Amino acid sequence: MPVYSLPDLPYDYAALQPSISARIMELHHDKHHQAYVTGANIALDQLAEARDSGNLANVNKLTKDLAFNLAGHVNHSIFWTNLSPDGGDRPTGDIAAVIDDSFGSFDKFTAHFTAAAMGVQGSGWAALVYDSIGQRPIVLQYHDQQQDFPAGTIPLLLLDVWEHAYYLDYANVRADYVKAFWNIVSWSNVQERFTTAQKQTAGLLVP
Ligand code: MN
């Protein structure tokens, strides 16, 4: 039995048009996300085989494969729920206040996050995460799926800037894709993740 499985999208492929086309959503979910799920399961199986046989020569490779593919599975699972056909506009409630406090204003936050998304060199993600030591949100760039990811941070809002996420719709103009992203952000999902992250990490890393 595989450990990981592909979650269904919480909306139809076409639901995020015109920001993201149905064709991209179908390929991105059914092919790319599925490949990370499959890759993570294979890495776990091969690590189990290595333990059973006692031949641990490939542990480095398999460990990297597991980290990359599991991170791909986690990131995409979060990303789909961060988006909604009813999204956009501005956050309200706790998350709005904490964004203002942490980044100066919502506009300064979106400018910062957009610059992070635009600046990712090669493949990666822009990420608003909850830092459980600082007990505040910070903006990160993930390179590939999992690099430059500090322990103790929990993703709240992710934006995939791998070319597979936008090239069919926007070709090389990543800026237009990032601009369109703001129209489909589900701030209610970000709020829910923020509330959960605060509860989950209370007292865990900070005495
Ligand atoms: Mn992707």
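Just so it is clear, the model here is predicted, and its values are computed rather than measured.

Trainee: Help me understand the overall build of the protein, please; the structure alone is not making it clear to me.
Mentor: Check the secondary structure of the protein and you find 7 helices and 3 strands. Listing the helices and strands of the protein from first to last along the sequence gives α-α-α-α-β-β-β-α-α-α. Against the 2.2 N^0.38 benchmark of 17 Å for 207 residues, the protein shows a C-alpha radius of gyration of 18 Å, consistent with a compact globule. Dimensions of the protein, computed from C-alpha atoms along their principal axes, come out at roughly 55 × 50 × 30 Å. In the protein, which comprises 207 residues, the proportion classed as buried is 44%. Long-range contacts, defined as pairs at least 24 residues apart, comprise 68% of the intrachain contacts of the protein with a sequence gap of at least 6. Summed over all atoms, the accessible surface of the protein reaches about 10,500 Å², with 52% contributed by carbon and sulfur.

Trainee: What's the story with the coordination of the manganese ion in this structure? I'm lost.
Mentor: Under ideal tetrahedral coordination, the four donors around a metal are separated by 109.5 degrees; under ideal octahedral coordination, the six donors are separated by 90 or 180 degrees. For the manganese ion, the full set of protein donor atoms is His28 (NE2), His76 (NE2), Asp160 (OD) and His164 (NE2), and the range of their distances to it is 1.9 to 2.1 Å. All donor residues of the manganese ion come from one chain, and their arrangement in sequence is H-x47-H-x83-D-x3-H. You can see histidine 28 sitting in helix 1 (residues 22-53) and its partner histidine 164 sitting in the loop between strand 3 (153-160) and helix 5 (167-170), a full 136 residues away along the chain. The burial state of histidine 28 is the same as that of histidine 164; both residues are buried.

Trainee: I would appreciate a short explanation of the sheet that holds strand 1 (residues 124-131) in the present structure.
Mentor: Strand pairing in a sheet relies on backbone hydrogen bonds, with the paired strands running either antiparallel or parallel. Across the sheet, 3 strands lie side by side as 2-1-3; this open sheet has antiparallel pairing. Sheet topology places strand 2 (136-143) and strand 3 at the edges, where each strand pairs with a single neighbour. Mean inter-strand twist for the sheet, computed between neighbouring axes without regard to direction, equals 25°. Together, strand 1 and strand 3 form the strand contacts of helix 7 (residues 187-201), whose direction differs from that of strand 3 by roughly 155°.

Trainee: What's the story with the packing of helix 2 (residues 59-82) against helix 7 in this structure? I'm lost.
Mentor: Each pair of packed helices gets described by two things: the angle between the helix axes and the distance between those axes. Running from amino to carboxyl end, helix 2 crosses helix 7 at an angle of 130°, the nearest separation of the two axes being 8 Å. In terms of axis orientation, helix 2 runs oblique to helix 7. Seen from helix 2, the contacting residues are Ile78, Thr81 and Asn82; seen from helix 7, they are Asn189, Val190 and Arg193.

Definitions and limits used
- Residues numbered from 1 in each chain as written.
- Predicted model: local features only at pLDDT ≥ 70, side-chain atom pairs only at ≥ 80, totals over all residues.
- Heavy atoms only, no water.
- Helix = DSSP H or I, 4+ residues; strand = E, 2+ residues; numbered from the N terminus.
- Rg over C-alpha atoms; globule rule 2.2 N^0.38 Å.
- Buried < 20%, exposed > 50% of the residue type's maximum accessible area, 1.4 Å probe, protein only.
- Contact = heavy atoms within 4.5 Å.
- Areas by Shrake-Rupley, 256 points an atom, 1.4 Å probe, with all protein chains shown as cover.
- Donors = N, O, S within 2.8 Å, 3.2 Å for Na, K, Ca; no water.
- Pairing = 2+ DSSP bridges.
- Axes fitted to C-alpha atoms, helices over the stretch in contact; angles between N-to-C directions.
- Parallel < 35°, antiparallel > 145°, perpendicular 65-115°, else oblique.

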